[in-house]
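Secondary and tertiary structure notes
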Amino acid sequence: MKAKIFITTLALVAGAGAAGVETATAQDIHVSGRVVAAPYFDSGHRLLFSQTDNIHGTARSAAMGGAFASLGADLSSMSINPAGLGFYRSSDWNFTQSLAITGMDVTSPMMRPGALTAGGSRTSYSLGNVGAAYNVYNGSGTLTSLTLGFGYNRAANFNSRTRIESWGDDSSITDMFARQLNLAAGDPGNPIRPGDLDPSADPWTNTGIYLDEWGAVLGWQTGLVGLNDRGDYGYFDGALPSDGYFGAVVRGGINDYNFSMGANITNILYVGATLNIAEISYTEETSYEEFYTTPGAMFHHMWFDQTTRIKGNGLGVKLGAILRPIEALRIGVAFHSPTWYTLDKYYDGAMGGVFDGMTDSADTGLTLMDTQHFNTAPRLTAGISGVIADRAVLALDWEMSWYDRIRQRGGYAGDVDSSRAESKRLYNPSQTFRAGFEYLTGGVALRAGGSYTMDFTRLDYSDPYLDLSDNPAMSSGFNVTGGLGFELGGGGYLDVAYIYNRARMTDFDLFFHDDGRGGISSQYDLSGGVDVSRSYSPTRTRHMISLTLGSRF
């Protein structure tokens, strides 16, 4: 955190600002956006933490597009359909390592040509899978075999980097801060007065200040907003136009720890169950800067750095069955219950400004924390696969995820009823289609596959919130996969997979507000009435290589 060096400079700036501050009218508005409402959990976080993908398991399952609802004898079965463990007639162990290069491309139709550059990439390494399946029973009765599985699986990868640079915009985050303070000051039950915002103000001694107002509090403490002659909060006229820079680095993922069982009943019916303990680790560091180009203005530069950390654990159950009516045909189905999470979110922020060579800064002083209980979307997966000429396997899967059933309990923002309504308003059930192919020749397996997730967001441009999120998550996407498998002798094997992923992410603004009458203003039109389609539209691309080394015994 930056040191609090603001007392003397604040007095100078506040005095100068009394005459040079533009008015922001008090009104009933909702202020949000990626760099404004960071202290809260929002719908984007809940959606992001509900999304998992079958490409992060073993290299064999990844190379076949994750289409393993009806296949088995692979450790990824514990995460996809535990009934697949029933196909083991011996034991197996392996571990998988993955290297991913993630790129984030951002477009914005509201920007004039040449006024925006956006992108960013991040390379990450992860342990994709490690575990073992122990065949504890083989017999000739109704119960033909029983296998227990224990393993770790990487269920999601959050690693990414985003960069946005724009020039000469008639916009400033200081206007948003002024609107926030005027909104709070206009609340007769809980007004914010200048005396509540002095340098000693923090989230514990001013309990009437909401968490998402602390960006505006830091703006006051830093001298970026002040009072005009009418007593309203406003921003300095030197804040427009501005050159803006935004950067975000995200690290972490979802780790699954599986305890599974699969049974083979007369070589016709296979059933299984998994107890899944999930762990979320998420860190986002954002940096936002504005440089001001008004000639002769005393206001030159501001910065706003924020760090968000989310961690916690969840519990879920996976149940599955596979029917093999004839030797060459398999039909599978699996149900994944919601994962019930308890998550803690930690947040801190620091802000500063430069005024005619003087630097003024402030920070939150201590870390803000919010605790949330929520459940992810339940899933249903079905698949069919067939053996062709004893040398090839073709598998087709379909998956339904009910994102409209995401629920939140507790936390500062919302409850079960409001989060239920929000999920139904934002999302439809999601459908994913997967296909995988494997061909065996001379001890080498040739594999290919892919998947496609249909857009499940409810795109209704009459409601601006349906297309905006503080934290982007996937709304649609596809994978193209391929790989090789090698027998090493003595039961050993080596599998290699390549995965190309492209995902359309939910749109976001850096900051925006709703005037309470159906009008949206973003940082690019502070007067109101901005079409929701003018927000930032990110697309994520990922190249990933996975390698599995294992042995059957």
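Presented here is a report on the structure given in the accompanying data block. (Residues numbered from 1 in each chain as written. Predicted model: local features only at pLDDT ≥ 70, side-chain atom pairs only at ≥ 80, totals over all residues. Heavy atoms only, no water.)

**Focus: the pattern of salt bridges**
Our working rule: Put simply, a salt bridge is a Lys or Arg side-chain nitrogen that is within 4 Å of an Asp or Glu carboxyl oxygen. Helix and strand labels come from DSSP, where a helix needs a run of H or I of at least four residues and a strand needs a run of E of at least two; each type is numbered from the N terminus.
Scanning the model with the defined rule gives 10 salt bridges in all. Here arginine 434 ties to glutamate 399 by a salt bridge, and the two come within 3.3 Å at their closest N and O atoms. Here the residue arginine 434 occupies a position in strand β20 (residues 430-441), and glutamate 399 occupies one in strand β18 (residues 392-401), the gap between them amounting to 35 residues. Of the charged contacts in the structure, one is a salt bridge between aspartate 495 and arginine 447, with a shortest N-O distance of 3.0 Å.

**Remarks on the pairing of strand β12 (residues 299-326)**
For clarity, the cut-off: Strand pairing is defined by DSSP finding a minimum of two bridges between the two strands.
Pairing between strand β11 (residues 269-292) and β12: 23 bridges, direction antiparallel. Pairing of alanine 273 across the sheet is with leucine 319, part of β12. Linking β11 back to β12 in an antiparallel pair, the connection comprises 6 residues, with glycine 296 at a positive phi of about 75°. Looking at chain direction, β12 and strand β14 (residues 340-355) are connected through 16 bridges and run antiparallel. By the bridge assignment for β14, threonine 308 is matched with tyrosine 347. For β12 and strand β13 (residues 329-336), the ladder comprises 7 bridges, and the chain directions are antiparallel. Paired with glycine 320 across the two strands is alanine 334, which belongs to β13. Between β12 and β13, which pair antiparallel one after the other, the connecting turn spans 2 residues.

**Here we look at helix α5 (residues 173-185)**
Applicable threshold: For a helix, the expected span equals 1.5 Å multiplied by the number of residues minus one. Relative accessibility thresholds used throughout: buried, under 20% of the residue-type maximum; exposed, over 50%; partly exposed, between the two (1.4 Å probe, protein chains only).
Its 13 residues give α5 an end-to-end C-alpha distance of 19 Å, which sits within 8% of 18 Å, the value for a rise of 1.5 Å per residue. Extensive coverage of α5 is indicated by the burial of 11 of its 13 residues. Those residues of α5 that fall on the buried side of the exposure criterion are Ile173, Thr174, Asp175, Met176, Phe177, Ala178, Arg179, Gln180, Leu181, Asn182 and Ala184.

**Topic: the packing of aromatic side chains**
Where we set the bar: For this analysis, a ring pair means two rings from Phe, Tyr or Trp (six-membered ring only for Trp) whose centres lie within 6.5 Å, classed as stacked if their planes differ by under 30 degrees, edge-to-face if by over 60, and tilted for the remaining angles.
Per the counting criterion, the structure on display carries 16 aromatic pairs. Through a chain of ring-to-ring contacts, the aromatic side chains of Phe49, Phe158 and Tyr282 assemble into a single cluster.

**Looking at the side chain of asparagine 375**
Selection rule: Every residue pair with non-hydrogen atoms within 4.5 Å of one another is taken to be in contact.
The residue asparagine 375 is located in strand β16 (residues 368-375) in this model. Beyond its immediate chain neighbours, meaning those up to four positions away, asparagine 375 contacts Pro338, Thr339, Trp340, Arg405, Ile406, Arg407 and Arg409.

**Observations regarding the side chain of threonine 274**
Rules: Nitrogen and oxygen atoms within 3.5 Å of one another constitute a polar contact, given that in protein one can donate a hydrogen and the other can accept it, and given that sequence-neighbouring residues count only through two side-chain atoms.
Tracing the backbone through its elements, the reader meets threonine 274 in strand β11. Of note is the side chain of threonine 274, whose polar atom sits 2.9 Å from the backbone oxygen of methionine 78. Engagement of the side chain of threonine 274 in a polar contact is seen with the side chain of serine 260, the distance being 2.6 Å. Non-local contacts of threonine 274, meaning those with residues more than four positions away in its chain, are made with Met78, Pro82, Asn258, Phe259, Ser260, Gly316, Val317 and Lys318.

**Topic: the nonpolar core**
Defined as follows: Here, the term nonpolar core denotes a set of buried Ala, Val, Leu, Ile, Met, Phe, Trp, Tyr and Cys residues that are joined through side-chain atoms within 4.5 Å.
Ranked by size, the top nonpolar core spans 41 residues in total, and within it Ile173, Tyr288, Met302 and Phe304 carry the most contacts. With 6 residues, the top contributor of residues to this core is α5. Once residues within four sequence positions are removed from consideration, methionine 302 is found in contact with Ile173, Phe177, Leu224, Tyr288, Glu289, Glu290, Tyr292, Met351, Gly352 and Gly353. Formed by 23 residues, the second largest nonpolar core is a distinct cluster that contains Ala155, Ile280, Tyr282 and Leu343.

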